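# Results of the structural survey
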Amino acid sequence: MPLLDVKDLKAGYGPVNVLDGMHLHVDQGEFVVMLGANGAGKTTTMRAISGLIPRHGSIVFEGHDIHKASADSIVRSGIAQVPQGRGTFPELSVEDNLLAGAYVRHGGDGVHDDMDKWFAVFPRLAERRAQRAGSLSGGEQQMLAIARALMSRPKLLLCDEPSLGLAPLITQELFAVLERLNRDEGLSVLLVEQNANLAMHIANRVYLLETGQIVASGSAEELGADDAIRKAYLGF
Amino acid sequence: MKSLATIREGGAANWAFRIAATVVVFALVLYVPTKTGAGTIQTAIEALVLMGAAMSLNLLLGYTGQISIGHSAFLGMGAYTTGILVSRYGWSPWYTFPVAFVLSFALGVIVSFPASRIKGVYLALVTLALALVFPQVVTWKKLSWLTGGGSGLPTKDAQVADTGFNIGAASRGQMQYFEIFGWNPLGDLRKPDNKAAFWYWIAVGVVVIIYLVCRGLVKSRVGRSMVAIRDNETAAAVMGVNLVATKAFVFGISAGLCALPGCVTAIKTGGVSPEGIQSLTVRGAITFLIVMVVGGAGSLWGPIIGAAVYVYVTDITGGWASDEAIPGVLRPFFGWAKIPPSDGIFAVLLIVLMFVAPRGLVGVWRQYSPRIVRVLPRPAGTTGAAPVAIAATITNTHSEGEHE
Amino acid sequence: MELFFQRLIDGLSQGSVYSLIALGLVIIYRGTGHLNFAQGEMALFCAYCVYQFGEWGIPVWIALVLGMAVGFAVGAASEVTLVRPISKKSPFAVFVVTLGLFTFLNWLDGAIWGNQQLPNSGVGSKQQSYPSLFPNAPDDFWQPFGVTIRYERAGILALVLVITALLFLLFNKTKFGLAMRAVASNTESAKLAGIRTNTVLMVSWGLAAAIGAVGGVVIAGLNSNVNLGLMFTVFIYGSAAATLGGFDSPIGAVLGGLIIGVVENMASGYAQEWIGQDMKLSVAFMVILVVLLFKPSGLFGTAKVERV
């Protein structure tokens, strides 16, 4: 049984459905990358899974259908999302951002240990722990957003274009951290990207999304081997 | 949507309906002063004053999207202009109308400059403060040489004792007849009914003038700029609308027009003070806003309908503070209240309308009247209708578009 | 010099009332970006309730707590039933609804308690004057260095400072306070962190109205009666305080209130001839206007007043 199993998902804004019946799944411990152009529905997919927008269809997480659950209870069930752009609380300090990330955890057990752990992973955040998040650089804010999401101890991490607006070097660093988390901690990841080159080589599996539908899926090697797909979608 | 009947725009049935509606309006306007007594006429004058104030506010809020809870100050400008010029300088009330318009226009333009930098509810806050400061300014002891201070106008040393066209009083200069080229339509003005009717016709004149100015403005180029500002200020600026100038102009016109019903109030009341005239206080300003939104913001007839309904309901329920006055069926609902229920009724109506029909009573009518009679727009190219005329109709529909 | 300190003390205690109204406005603004025009009238309703509890013989401090509970319920219910559903439409619709609430609450006060000021022996009030939280007999004062400090005024100032301190602890030291700050900072990220944003907003409105209730009771106590027009001007002073301090800064609201109280008292005292009691409100008006024109974010706020 997959960790996350999405079937016939329909969602959108107002009367228009951006997603019209899409299927995807993420297995336990898998690193799945979803590629697609602007407007393909990547962010909508993420928002629908996290319960930020109204949606129809079935979203089964660990055997429970969560397609009607509220955003906060979805977080409680173990899905954390790093939203597109800056998913931080700019007026709050770095520490408070992380504490807010641990909001769903009961009691204070291990919260500070976790905080130290993520400070070890992202040393630059540790240096700025008392600063307001809004004063951090773009890359630091993205790291903070990821650490904030991880503070809820999720089983599945959704990442919406973490590379957006970041310098290539920072992006590589960020992806290396995500890969390590996936490999060492067994964290399942569903990552959305526009930039195929960066994401393909760490993915176990890749989905290609176009106008609200999955048009191709498979391992990075399989998709890379298909000339037509490579030319049309991957650009290399 | 199904409707019981369908008629063509410009067809015989359509014209019959238009004529009937016009006849009804004229009959109502004529009925009040000729067939009812001074009491009813006075109530009708209140309604007319409220119509004028709400219509001028509508120009600013309904069409241009600028919130004001300060229009009581502009109405007060009118009332005090008339009060001061008549009671201190012995002017004829007729000449105070244009002066009040100009002064209030100027005040409106002055207010508009900060307003063009302050947006949304903050503008509401500033104008609310204006509404609260105005009564303090006119009762300020430093200004009592002009405004009469706390007791208002006219003061004991006034040259003329009564601002109300000085009719019915036995003193000098009293007006007994209103003659137009020897024709005396109203009779002896010393009789209360005739006196009230005289004021009534002045109020009707003011409302007609305000209506015509609003209509002319809304259907003009400026009107389209106003709606553009309301719907999307940034887009309007990009399209070449001069935001500061347009807002200043609309603020000025709106303020100037709002002064005119103030003049009427001063004439009718025969005295001016914030305690004597509630419309000069913040309660007045809120009432204008409620009347406008309930009637239908951004439509020409909205404030008229709203004011008529408001004054009618307030008048009917005015005595309901005592249980005996309440009709039997309604007594259990309103019997407990120690004050008349109209403010509560309108507050609830305002909130409910915001949920179900944000375009007010006029919006409700526009939404549901097609279920009874549907008017088909004139088809293009038939009956020799020139394209220009059709274009004009389309523009009209646009500029009459209501507030979202 | 003594006169100066006298006016300073009086101004501070007067201003502390404005701080309470401003705090309520700020708590709501931070959470939702709305300006609650009914804030003053919610406080007035609670002030009337406390008068009623006094009539029933309930001690004033218990009556105050009950009044705050009423305020909390009114505020929370308004958010859930009116403001939240209408805020999907437009900011203008929210404005109209809070204005409707303003009118409705004022009418409701009149409908229940009548339009004369209370307590009033004419309508059979048992109380002589509006219940005061602190001793306020004519000789209840200290006089250090020639400055008269009435127990009532000092008590009010102390009470406001205690409330401010409690709020500070709530915001900065509790999990719920963290959630409130998170929602104020970024609502969507707050949802993604698993915070029940709807609950936070409901409680924010309730809290704001409960704090406002204290303001209403205090101002009615200083005034020694409660009447339908009591809160109109207090609301404007409170708004001026919030504007001055910055609409999203609680500490700014408190300081803004104190500053306006002092300025108002100094202005009416030293410029008795020109401003005096009659023109005090123009001080608040000028503050609002000048701050919005030249520093819309206020003294302590972050600049995001303009919402497009």
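Residues numbered from 1 in each chain as written. Chains lettered and ligands numbered in written order. Predicted model: local features only at pLDDT ≥ 70, side-chain atom pairs only at ≥ 80, totals over all residues. Heavy atoms only, no water.

### Let's talk about the pairing of strand S8 (residues 188-193) of chain A
All names here are of chain A. Formally: For every residue, the accessible area obtained with a 1.4 Å probe (protein chains only) is divided by the maximum for its type, and the residue is called buried under 20%, exposed over 50%, and partly exposed between those limits. The numbering of helices and of strands both runs from the N terminus, where a helix is a DSSP run of H or I of at least 4 residues and a strand a run of E of at least 2. Two strands pair under a simple rule: DSSP has to find at least two bridges between them. Seen with its strands pointing away from the viewer, a crossover is right-handed when the path leading from the first strand over the helix to the second is clockwise.
Most of S8 sits out of view: six of its six residues are buried. Alternating positions in S8 separate into two faces, Ser188, Leu190 and Val192 on one and Val189, Leu191 and Glu193 on the other, with burial throughout. Pairing of strand S3 (residues 31-36) with S8, which is carried by five bridges, proceeds in the parallel orientation. Within the sheet, the bridge partner assigned to Val33 lies in S8 and is Leu191. The sheet contact formed by strand S7 (residues 156-160) and S8 spans five bridges and is parallel. Each bridged residue has a counterpart across the sheet, and for Leu157 the counterpart in S8 is Val189. Running through helix H7 (residues 168-185), the crossover from S7 to the neighbouring parallel element S8 is right-handed.

### Things to note about the packing of aromatic side chains
Residue and element names in this part refer to chain B. Spelled out, the test is: Side-chain rings of Phe, Tyr and Trp, where Trp is taken by its six-membered ring, are said to pair if the distance between their centres is within 6.5 Å; with planes under 30 degrees apart they count as stacked, over 60 as edge-to-face, and otherwise as tilted.
This structure, assessed with the given rule, holds 22 aromatic pairs over all chains. Note on Tyr310 and Phe346: the rings are 4.7 Å apart at their centroids and 55° apart in plane angle, and the pair reads as tilted. Residue Tyr310 is located in helix H12 (residues 302-316), and its partner Phe346 is located in helix H14 (residues 342-356); the two are separated by 36 residues in the primary sequence. Residue class for Phe346 comes out buried when judged on its relative accessible area of 2%.

### Quick look at the nonpolar core
Here is the rule we go by: To qualify as a nonpolar core, a set must consist of buried Ala, Val, Leu, Ile, Met, Phe, Trp, Tyr and Cys residues joined through side-chain atoms within 4.5 Å. The contact definition used throughout considers only heavy atoms, calling two residues in contact when any of these lie within 4.5 Å.
With 210 residues, the main nonpolar core has Ile69(B), Phe95(C) and Val226(C) as its most contacted residues. No other element matches helix H2 (residues 38-61) of chain B, which puts 16 residues into this core. With sequence-adjacent residues up to four places away left out, Val226(C) is seen in contact with Leu44(C), Ala47(C), Tyr48(C), Tyr51(C), Gln116(C), Gln117(C), Leu118(C), Tyr130(C) and Ala220(C). Counting 47 residues, the second-largest nonpolar core is a separate cluster that includes Phe122(A), Leu144(A), Met151(A) and Leu187(A).

### A few points about the interface of chain B and chain C
Filter applied, for reference: Here the buried area means the combined drop in accessible surface, using a 1.4 Å probe, for two parts upon being joined, counting both sides. Only one rule defines a salt bridge in this text: a Lys or Arg side-chain nitrogen within 4 Å of an Asp or Glu carboxyl oxygen. As used in this structure description, the phrase polar contact means that two N or O atoms lie within 3.5 Å; if the pair is within protein, one of them must be able to donate a hydrogen and the other to accept it, and residues adjacent in sequence are counted only when both atoms belong to side chains. Ten residue types, Ala, Val, Leu, Ile, Met, Phe, Trp, Tyr, Cys and Pro, are classed as nonpolar, four, Asp, Glu, Lys and Arg, as charged, and the remainder, Gly among them, as polar.
Between chain B and chain C, the residue contacts involve 45 residues of the former and 52 residues of the latter. A combined buried area of about 4,600 Å² lies between chain B and chain C, and 78% of that area is made up of carbon and sulfur atoms. For the pair chain B and chain C, the interface holds zero salt bridges. Linking chain B with chain C are eight residue pairs in polar contact (both at pLDDT 80 or more). Ranked by residues supplied to the side of chain B that touches chain C, first place goes to helix H5 (residues 120-138) of chain B with 12 residues. Considering only residue class, the side of chain B that touches chain C consists of 34 nonpolar, four polar and seven charged.

### Observations regarding the arrangement of the chains
By number of contacts, the leading pair among the two pairs of chains in contact is chains B and C. The least C-alpha distance between chain A and chain B, which are not in contact, is 17 Å.

### Considerations on the sheet that holds strand S5 (residues 64-65) of chain A
The strands that make up a sheet pair up through hydrogen bonds in the backbone, lying either parallel or antiparallel. Residue and element names in this part refer to chain A. Taking strand neighbours across the sheet as the criterion, the four strands line up as S2-S1-S4-S5 in an open arrangement whose pairing is antiparallel. Of all strands in the sheet, those with a lone pairing partner are strand S2 (16-26) and S5, marking the two edges. When strand S4 (residues 55-61) meets S5, the two strands line up antiparallel, connected through two bridges. Within S5, the position partnered with Val60 by the bridge is Asp65.

### Focus: empty space enclosed by the protein
Residue and element names in this part refer to chain C. Counted only if it meets this: Detection works on a 1 Å grid of protein atoms alone, calling trapped sets that fit a 1.4 Å probe cavities and calling open sets with protein on both sides within 12 Å along at least five of seven lines pockets, with lining residues defined by an atom within 4 Å of a point. Grid points are joined across faces, edges and corners, and a volume is the space filled by probe spheres set on the points.
In this structure the tally under the stated criterion is five cavities of 30 Å³ or more. Of the voids in this model, the largest cavity is the one considered here, and its volume is about 60 Å³. Where the lining of the largest cavity is concerned, the elements lending two or more residues are helix H1 (2-32), helix H6 (175-185) and helix H8 (197-223). Of the residues forming the lining of the largest cavity, the biggest block, four residues, is contributed by H6. Of the residues in the lining of the largest cavity, the class split is seven nonpolar, two polar and two charged.

### Some thoughts on the sheet that holds strand S10 (residues 213-218) of chain A
Residue and element names in this part refer to chain A. We apply this condition: An axis is simply a line fitted to the C-alpha atoms; with a helix, the fit covers only the stretch in contact. Between two such axes, the angle follows the N-to-C directions and lies from 0 to 180 degrees.
Ordered by their spatial adjacency, six strands build an open sheet running S6-S7-S8-S3-S9-S10, and the pairing between neighbours is mixed. Among the strands making up the open sheet, the edge pair consists of strand S6 (79-82) and S10. Taking each pair of neighbouring strands and ignoring which way they run, the sheet shows an average axis angle of 20°. Pairing analysis gives five bridges linking S3 to strand S9 (residues 205-210), with the strands arranged parallel. Bridge pairing in S9 links Leu35 to Leu208. Where helix H6 (residues 138-150) meets the sheet, it contacts S6 and S7, and its direction lies at approximately 170° from that of S6.

### Describing H12(B)
Residue and element names in this part refer to chain B. The test is simple: A helix is expected to span 1.5 Å multiplied by its residue count minus one.
Compared with an ideal rise of 1.5 Å per residue, which puts 15 residues at 21 Å, H12 spans 21 Å between its outermost C-alpha atoms and is within 8% of the ideal. Taken as a whole, H12 has its buried residues at Gly302, Pro303, Ile304, Gly306, Ala307, Tyr310 and Val311. The inward-facing, buried residues of H12 abut H2, helix H7 (192-218), helix H11 (282-295), H14 and helix H15 (360-368).

### Topic: unusual backbone geometry
Here the amide bond leading from Leu118(C) into Pro119(C) is cis, since omega sits at -5°, within 30 degrees of zero. Structurally, Pro119(C) is set in the loop between helix H4 (91-113) and strand S1 (141-142). With phi around 55°, Asp8(A) is a residue other than glycine that occupies positive phi space. Positionally, Asp8(A) belongs in strand S1 (residues 4-13). Judged by relative accessible area, Asp8(A) falls into the partly exposed class, the value being 37%. You will see that Glu62(A), though not glycine, has its phi angle at about 50°, which is positive. Counting through the fold element by element, Glu62(A) comes out in the loop between S4 and S5.

### As for the pairing of S1(A)
Residue and element names in this part refer to chain A. Where S1 meets S4, six bridges bridge the pair, whose relative direction is antiparallel. Bridged to Val6 within S4 is Ile59. When S1 meets S2, the two strands line up antiparallel, connected through eight bridges. Bridge pairing links Ala11 to Leu19 in S2. Connecting the antiparallel pair S1 and S2 is a turn made up of two residues, with Gly14 showing a positive phi of about 65°.

### Section: the interface of chain A and chain C
Listed by partner, the interface residues are 26 residues for chain A and 19 residues for chain C. Both faces combined, the contact of chain A with chain C buries some 1,900 Å², and carbon together with sulfur accounts for 58% of it. Across the contact surface, chain A and chain C share three salt bridges. With a shortest N-O distance of 2.4 Å, Glu188(C) and Arg47(A) are connected by a salt bridge. Between chain A and chain C we count nine residue pairs in polar contact (both at pLDDT 80 or more) in total.

### Remarks on helix H10 (residues 250-270) of chain C
For H10(C), spanning 21 residues, the distance from its first C-alpha to its last is 30 Å, which sits close to the expected 30 Å at 1.5 Å a residue. Counting buried positions along H10(C) gives 16 out of 21 residues, so the element sits mostly inside the fold.

### So, the environment of Leu190(A)
Residue and element names in this part refer to chain A. Relative to the elements of secondary structure, Leu190 occurs in strand S8. When the C-alpha positions of Leu190 and Ser135 are compared, they lie 28 Å apart, and in sequence the two are 55 residues distant. Those residues in contact with Leu190 that sit more than four places away from it in its chain are Leu24, Val26, Val32, Met46, Ile49, Leu156, Leu157, Leu158 and Cys159.

### Describing the packing of H2(B) against helix H10 (residues 243-269) of chain B
Residues and elements named next belong to chain B. Note the threshold: Angles below 35 degrees are treated as roughly parallel, those above 145 as roughly antiparallel, those between 65 and 115 as roughly perpendicular, and all remaining angles as oblique.
Direction vectors running N to C along H2 and H10 enclose 170°, while the axes themselves pass 7 Å from each other. Accordingly, the angle class assigned to the pair H2 and H10 is roughly antiparallel. Contacts between H2 and H10 involve Gln42, Ile45, Glu46, Val49, Gly52, Ala53, Ser56, Leu57, Leu59 and Leu60 from the first element and Val250, Phe251, Ile253, Ser254, Leu257, Cys258, Pro261, Val264, Thr265 and Lys268 from the second. Here the residues of the contact of H2 with H10 are counted per class, giving 13 nonpolar, five polar and two charged.

### Remarks on the packing of helix H3 (residues 60-86) of chain C against H8(C)
All names here are of chain C. Applicable threshold: Left-handed describes a crossing in which the near helix is turned anticlockwise from the far one by less than a right angle; the clockwise case is right-handed.
H8 packs onto H3 with a crossing angle of 140° between their chain directions and a minimal axis gap of 7 Å. Here H8 runs oblique to H3, going by the angle between their axes. Relative to H8, H3 is oriented so that their crossing is right-handed. Contacts from Leu64, Gly67, Met68, Gly71, Phe72, Gly75, Ala76, Glu79, Val80, Val83 and Arg84 in H3 reach Asn198, Leu201, Met202, Val203, Trp205, Gly206, Leu207, Ala209, Ala210, Ala213, Val214 and Val217 in H8.

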